[in-house]
Amino acid sequence: MLMKESRSRDRNKQVRSCQFMRHEFLIRLSKVISNMQNLPYIILTNADIKRVLDLYMYAFSDMLHQPEIKTLGDVDKFNETLSGLLDDLQDIIWLLAKGIHESQPHFNGEEFPIIVKKIMDQIVINRLCNRILARHHLSMHVQREGYISVVHTELSLKSMIKRNAAFAANVCQNVYMDTLPEVLIDGHADTKSSFHTQHYRLRS
């Protein structure tokens, strides 16, 4: 679907794509805000959790007040805003993790209520889906050799494994002071496939 839709580059489809993105993001952002507001109050008082909620509320307000999209000029302005929102929300996972960790003592060593875990899962999944959708939309306006939108059409599975193995080895050595076992690649090592690159990048 991503590969099919990315081939459409005429004006009307670009305008409709932006209109869809604005409508869809307003819904998705409002769900995250609603979920976060259902967290226990003591968690919401954490500075990092509050920062995440403020970022989402700002993103919702910014998207809500975007002018109606009718022209290619409007498309460019919307895409610039959307790209900025992605940058603003880049670090929310780390902020959430830090905030939740700092909130743990308030529960006297007990596990977090199920509702907290459920809400955190929903936020993480929502973020992943939002970024895939947004990056696909933005990539429709950029031509890259070997790519259709965000899909790499000839991704080498061997190079993908080697890249992430090297990253994991670096983490093991510098963070855990340990050595990663040797990674052996067997089978059809020269296989290439079409794949969404954000799914395999450990640092994304």
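Everything numeric in this text was worked out from a predicted model, so none of it was measured.

So, the overall build of the protein chain: which residues are in play, and what are the values?
Counting its regular elements, the protein chain contains eight helices and three strands. Beginning at the N terminus, the succession of helices and strands in the protein chain can be written as α-α-α-α-α-α-α-β-β-α-β. When each of the 204 residues of the protein chain is scored for burial, the buried share is 36%. Considering only intrachain contacts with a sequence separation of at least 6, the fraction spanning at least 24 residues in the protein chain is 77%. For the protein chain, the computed accessible surface area is about 12,900 Å², with 54% contributed by carbon and sulfur atoms.

An account of empty space enclosed by the protein is needed here, citing residue identities and associated values.
This model, assessed by the stated rule, comprises two cavities of 30 Å³ or more. Each pocket or cavity is described by its volume, and for the largest cavity that value is around 80 Å³. Within the residue set of the lining of the largest cavity, elements represented by two or more residues are α5 (72-88) and α7 (114-139). Residues that form the lining of the largest cavity fall into these classes: five nonpolar, one polar and two charged. By volume, the second largest cavity amounts to about 30 Å³.

Pulling in residues and values, what's your account of helix α4 (residues 47-64)?
Spanning 18 residues, α4 covers 25 Å between terminal C-alpha atoms, matching the ideal 26 Å at 1.5 Å per step. Considered for burial, the residues of α4 that qualify are Asp48, Ile49, Val52, Leu53, Leu55, Tyr56, Ala59 and Met63. One side of α4 carries all its buried residues, which in axial view fall inside an arc of 155°. Against the buried residues of α4 lie α2 (11-37), α3 (41-44), α5, α6 (92-103) and α7. Measuring from the side-chain oxygen of the N-cap residue of α4 to the backbone nitrogen of Asp48 gives 2.9 Å; that N-cap residue is Asn46.

Provide a residue-level description of the environment of Pro113, including the pertinent values.
Among the structural elements, Pro113 can be located in the loop between α6 and α7. Sequence separation between Pro113 and Pro40 is 73 residues; the distance between their C-alpha atoms is 9.2 Å.

How would you explain the nonpolar core if you had to name every residue and give the values?
Met36, Leu39, Ile43, Tyr56, Leu82, Met120 and Ile123 are the most contacted members of the largest nonpolar core, which totals 37 residues. Of all the elements in the fold, those that place two or more residues in this core are α2, α4, α5, α6 and α7. If one sorts the elements of this core by residue count, α2 sits on top with nine residues.

With reference to specific residues and values, describe the pattern of salt bridges.
Summed over all chains, the structure comprises five salt bridges. For Glu68, the salt bridge identified is with Lys70, shortest N-O distance 3.8 Å. The salt bridge partner of Lys98 is Glu102, with a shortest N-O separation of 2.8 Å. Remark: Glu102 and Lys98 occur in helix α6; sequence separation between them is four residues, near one turn of the helix. For Lys98, a relative accessible area of 44% translates into the label partly exposed. One continuous salt-bridge network, built from bridges that share partners, spans Asp48, Lys98 and Glu102.

Let's hear about the environment of Ile43: which residues, and what values?
Summarising the element assignment, Ile43 is placed in helix α3. Placed 59 residues apart in sequence, Ile43 and Glu102 show a C-alpha to C-alpha distance of 8.9 Å. Filtering out sequence-adjacent residues up to four positions away, Ile43 remains in contact with Ile49, Ile100, Ser103, Phe107, Phe112 and Val116.

Explain the packing of α2 against α7 to me, and be specific about the residues and the numbers.
In the contact formed by α2 and α7, the axes pass within 10 Å of each other and the chain directions differ by 165°. With respect to each other, α2 and α7 are oriented roughly antiparallel. The handedness of the crossing between α2 and α7 is left-handed. Counting all contacts with α2, which are made through Ser17, Cys18, Phe20, Met21, Glu24, Phe25, Arg28, Val32, Asn35 and Met36, the residues of α7 involved are Ile119, Gln122, Ile123, Asn126, Cys129, Asn130, Leu133, Ala134 and His137.

How would you sum up a nonpolar patch on the surface? Please name residues and give values.
Nonpolar side chains collect at one region of the surface, where Ile161, Val183 and Ile185 lie side by side and expose about 200 Å² of accessible area between them. Locating Ile185 in the fold gives a position in the loop between α8 (157-174) and β3 (192-196). Look at Ile185 and you get partly exposed, because its relative accessible area is 32%.

Conventions adopted
Residues numbered from 1 in each chain as written. Predicted model: local features only at pLDDT ≥ 70, side-chain atom pairs only at ≥ 80, totals over all residues. Heavy atoms only, no water. Helix = DSSP H or I, 4+ residues; strand = E, 2+ residues; numbered from the N terminus. Buried < 20%, exposed > 50% of the residue type's maximum accessible area, 1.4 Å probe, protein only. Contact = heavy atoms within 4.5 Å. Areas by Shrake-Rupley, 256 points an atom, 1.4 Å probe, with all protein chains shown as cover. 1 Å grid on protein atoms, 1.4 Å probe; cavity = no way out; pocket = protein on both sides within 12 Å on 5 of 7 lines; lining within 4 Å. Points joined across faces, edges and corners; volume = space filled by probe spheres on them. Nonpolar A, V, L, I, M, F, W, Y, C, P; charged D, E, K, R; others polar. Expected span 1.5 Å × (residues − 1). Arc of directions from axis to C-beta. Polar contact = N/O pair within 3.5 Å; in protein donor to acceptor, adjacent residues only side chain to side chain. Core = buried A, V, L, I, M, F, W, Y, C linked by side-chain atoms within 4.5 Å. Salt bridge = Lys/Arg side-chain N within 4 Å of Asp/Glu carboxyl O. Axes fitted to C-alpha atoms, helices over the stretch in contact; angles between N-to-C directions. Parallel < 35°, antiparallel > 145°, perpendicular 65-115°, else oblique. Left-handed = near helix turned anticlockwise from the far one by under 90°. Patch = residues over 30% accessible without salt bridge, like charges linked within 9 Å, V, L, I, M, F, W, Y side chains within 5 Å.

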